[in-house]
Structure formats: C-alpha cells, structure tokens
Amino acid sequence: VQLLESGGGLVQSGGSLRLSCAASGFTFSSYAMSWVRQAPGKGPEWVSTINWIGGRTYYADSVKGRFTISRDNAKNTLYLQMNSLKPEDTALYYCASSLVGWATYANREDYDYWGQGTQVTVSS
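Calculation criteria
Residues numbered from 1 in each chain as written. Predicted model: local features only at pLDDT ≥ 70, side-chain atom pairs only at ≥ 80, totals over all residues. Heavy atoms only, no water. Helix = DSSP H or I, 4+ residues; strand = E, 2+ residues; numbered from the N terminus. Rg over C-alpha atoms; globule rule 2.2 N^0.38 Å. Buried < 20%, exposed > 50% of the residue type's maximum accessible area, 1.4 Å probe, protein only. Salt bridge = Lys/Arg side-chain N within 4 Å of Asp/Glu carboxyl O. Phe/Tyr/Trp six-rings, centres within 6.5 Å; stacked < 30°, edge-to-face > 60°. Lys NZ or Arg CZ within 6 Å of the ring centre and 35° of its normal. Core = buried A, V, L, I, M, F, W, Y, C linked by side-chain atoms within 4.5 Å. Contact = heavy atoms within 4.5 Å.

Visitor: Explain the overall build of the chain to me, and be specific about the residues and the numbers.
Guide: The secondary structure content of the chain amounts to zero helices and 11 strands. Overall, the chain shows an N-to-C arrangement of helices and strands of β-β-β-β-β-β-β-β-β-β-β. Over its C-alpha trace the chain gives a radius of gyration of 13 Å, about what one expects of a compact globule, namely 14 Å for 124 residues. When the backbone C-alpha atoms are referred to their principal axes, the chain occupies close to 40 × 25 × 25 Å. Counting only residues that meet the buried cut, the chain has 44% of its 124 residues in that class.

Spelled out as structure tokens, the structure:
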C-alpha cells in the first residue's frame with residue numbers, strides 16, 4: 001500500500017497550489033480520502049475529506065471557501081486545490097484513507113493508510 005503526495009512547494013501569500021496523492025495497493029474507490037496537515041511545533045489538523053465516490057465533501061472551518069478536495073477514481077488519485085493561501089497554511093500535508101465515509105480525524109492512528117507528506121510553505 002502506498003500513498004504518495006506531491007505538489008507542495010513555496011508560494012507567496014495569496015497564491016495557489018494543487019496537491020496530488022497517488023494511491024496504490026488497495027481499492028482506492030472503496031475508501032474515503034482525507035487531507036491532514038501538521039505545522040511545525042503543532043499537533044495534526046484535519047483539513048478535508050471526500051467520500052468514496054466524491055459526492056460528499058467536508059472542510060475544516062480554517063480552509064472552507066479556499067480549498068477544494070476532489071478525487072479521480074479512474075486514476076486512483078486524490079487532489080487538494082488550495083487558493084488564497086495564507087502563512088498559517090504552512091505545514092506538512094498528508095493524505096490518508098479510511099473506510100469511514102465521514103472520517104474527519106486528525107490523528108494518524110485513526111486512518112487505515114497514511115502518506116509520507118508534502119511540504120507547503122506560504123511566505124508573507
């Protein structure tokens with residue numbers, strides 16, 4: 001099983017980034033997928049979740065209206081479009097999978113699979 005995040009980088013405040021998470025080794029379309037982030041010196045923060053077929057999405061208040069989660073089950077890939085980025089969005093972003101369709105967990109142990117993370121840095 002592998003979840004491989006990509007698309008992170010350094011961006012100025014107000015900019016955009018699109019994260020991707022390529023999944024392999026399990027039936028991607030059977031799992032809800034989430035993004036969780038962890039800023040330096042802070043605990044993990046749940047960001048967003050999308051259900052198995054993409055019909056339901058959930059967002060943390062801190063990103064609602066700025067971030068959009070989506071998935072392509074044909075490509076086994078999860079996405080996070082991040083617009084209007086702020087310095088407080090700086091964190092290591094992880095993708096995670098769960099058989100719970102409404103999973104909004106922050107902690108790794110509550111998910112079935114977890115990626116290695118991609119760094120997002122937003123400069124002011």
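What follows picks up the thread again.
Visitor: How would you explain the pattern of salt bridges if you had to name every residue and give the values?
Guide: Counting across every chain of the model gives four salt bridges. A salt bridge links Glu 45 to Arg 37, with the nearest nitrogen and oxygen atoms 2.7 Å apart. Residue class for Glu 45 comes out partly exposed when judged on its relative accessible area of 29%. A salt bridge links Arg 37 to Asp 89; the shortest N-O distance between them is 2.9 Å. Within this pair, whereas Arg 37 is found in strand 4 (residues 32-38), its partner Asp 89 is found in the loop between strand 8 (77-82) and strand 9 (91-98), the two being separated by 52 residues in sequence. This pair shows no difference in class: Arg 37 is buried, exactly as Asp 89 is. Among the ionic contacts, a cluster of salt bridges with common partners joins Arg 37, Glu 45, Arg 66 and Asp 89.

Visitor: Let's hear about the packing of aromatic side chains: which residues, and what values?
Guide: All chains considered together, the criterion is met by seven aromatic pairs. Ring centres of Phe 26 and Tyr 113 lie 4.8 Å apart, and the angle between their planes is 45°; this geometry places the pair in the tilted category. Linking Phe 26 in the loop between strand 3 (17-24) and strand 4 with Tyr 113 in strand 10 (residues 113-114), this pair joins segments that are 87 residues apart in sequence. The exposure class of Tyr 113 is partly exposed, given its relative accessible area of 25%. Every member of this aromatic cluster is reached through a ring pair, and the members are Phe 26, Phe 28, Tyr 31 and Tyr 113. The ring of Phe 28 is capped by Arg 71, whose NZ or CZ atom sits 4.4 Å from the centre of that ring.

Visitor: Any details on the nonpolar core? Residues and values, ideally.
Guide: Ranked by internal contacts, the top residues of the largest apolar core, which has 35 residues, are Trp 35, Phe 67, Leu 78, Leu 80, Met 82 and Tyr 93. Residue assignment for this core shows that the elements contributing at least two residues are strand 3, strand 4, strand 5 (44-50), strand 7 (67-72), strand 8, strand 9 and strand 11 (118-123). Looking at which element gives the most residues to this core, the answer is strand 9, with five residues. Non-local contacts of Leu 78, meaning those with residues more than four positions away in its chain, are made with Leu 19, Ser 20, Cys 21, Phe 28, Met 33, Ser 34, Trp 35, Ile 50, Ile 69, Ser 70, Arg 71 and Cys 95.

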